[in-house]
Amino acid sequence: MSAVSPEDALSGDTLSVHLVKAGSTKIRYPADLVGDDGTRVTVRAPWAAPGVRDFGFVRFEPGDVFTEHYWRDRWYAVKEVRTGTGLLKGWYCDITRPAVLRDAELLIEDLDLDLWVSADGSSVLRLDEDEFEESGLPDRDPEAAGQALRALDELEHLARTEGLAGLLG
């Protein structure tokens, strides 16, 4: 497989986002390429899972649109979530290994930790810290676990101070 350079990846192309968790495919879905500057890859896709997912603090449902930002040099992804009519719900952040884009596939390895930031910034929630501990990553790969925790701390700090919108502009 060859890597896709920013010059080869044209806005409007369709990529396959392949999310892997603990070595298995969690989900794979098509997404429209919005941009690739060589460091950050931005795609847009409708809610890809079947049905509604109600977290209690937000519902993801058919019609929602995710604009997803992945970095080749950062340990997280930030997903802006909007209703089908364009109303901002907030940002769902996955802690991941840096993204890899090969051919038309964007490979993302989920490291269990997540952060939710409401549209108005009043709610910033660290999620799945128990899953992260249970995953065994801190024992199996302490370097990656450290990177993951630092990434979560960085995103939480940004969310509570400047907000995430500036990171994505």
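For the structure itself, look to the data block above.
Structure report, in brief. (Residues numbered from 1 in each chain as written. Predicted model: local features only at pLDDT ≥ 70, side-chain atom pairs only at ≥ 80, totals over all residues. Heavy atoms only, no water.)

The end-to-end C-alpha distance of helix α3 (residues 142-160) is 27 Å, a good match for the 27 Å that 19 residues give at a rise of 1.5 Å each. Buried residues of α3: A144, A145, G146, A148, A151, L152, L155, E156, L158 and A159, and no others. (Helix = DSSP H or I, 4+ residues; strand = E, 2+ residues; numbered from the N terminus. Expected span 1.5 Å × (residues − 1). Buried < 20%, exposed > 50% of the residue type's maximum accessible area, 1.4 Å probe, protein only.)

In this structure, E154 sits in helix α3. Judged by relative accessible area, which is 39%, E154 ranks as partly exposed. For E154 and Y76, which are 78 residues apart along the polypeptide, the C-alpha to C-alpha distance reads 9.8 Å. Within the local environment of E154, its side chain forms a polar contact with the side chain of Y76, the two groups lying 3.2 Å apart. (Polar contact = N/O pair within 3.5 Å; in protein donor to acceptor, adjacent residues only side chain to side chain.)

Comment: phi is negative for the bulk of residues other than glycine, and the bulk of peptide bonds are trans. Despite not being glycine, A22 shows a phi value in the positive range, around 55 degrees. Looking at the secondary structure, you find A22 in the loop between β1 (14-21) and β2 (24-36). Judged by its relative accessible area of 78%, A22 is exposed. One non-glycine residue, D103, lies in positive phi territory at about 50 degrees.

Approximately 510 Å³ is the volume attributed to the largest pocket. What lines the largest pocket is a set of 26 residues, and nearest its centre among them are L19, K26, W47, R53 and Y92. If you trace the second largest pocket, you find it lined by K21, A22, R97, E109, D110, L111, D112, S135, L137, R140 and D141. Those elements giving two or more residues to the lining of the second largest pocket turn out to be β10 (105-118) and α2 (137-140). At four residues, the largest contribution of residues to the lining of the second largest pocket is made by β10. Here the lining of the second largest pocket is built from residues that sort into three nonpolar, one polar and seven charged. (1 Å grid on protein atoms, 1.4 Å probe; cavity = no way out; pocket = protein on both sides within 12 Å on 5 of 7 lines; lining within 4 Å. Points joined across faces, edges and corners; volume = space filled by probe spheres on them. Nonpolar A, V, L, I, M, F, W, Y, C, P; charged D, E, K, R; others polar.)

Quick look at the packing of aromatic side chains now. The final tally for this structure, using the stated rule, is eleven aromatic pairs. Ring plane angle 65 degrees and centroid distance 5.3 Å describe the contact between W71 and Y76, whose orientation is recorded as edge-to-face. Judged by relative accessible area, which is 4%, W71 ranks as buried. One aromatic cluster is present, formed by W47, F55, F57, F60, F66, Y92 and W116 through successive ring pairs. (Phe/Tyr/Trp six-rings, centres within 6.5 Å; stacked < 30°, edge-to-face > 60°.)

Turning our eyes to something else, we now look at the pattern of salt bridges. All chains considered together, the criterion is met by 17 salt bridges. For the salt bridge of K21 with E131, the shortest nitrogen-to-oxygen distance reads 3.2 Å. One end of the pair, K21, is in strand β1; the other, E131, is in helix α1 (residues 129-135), with 110 residues separating them in the sequence. Take K21: its relative accessible area is 22%, and that puts it in the partly exposed class. A salt bridge links E80 to R82; the shortest N-O distance between them is 2.9 Å. Residue R82 is classed as partly exposed on the basis of its relative accessible area of 29%. One network of salt bridges, in which partners are shared, links D54, R59, E61, D64 and K89. (Salt bridge = Lys/Arg side-chain N within 4 Å of Asp/Glu carboxyl O.)

By themselves, these figures tell us nothing about what the structure is for.
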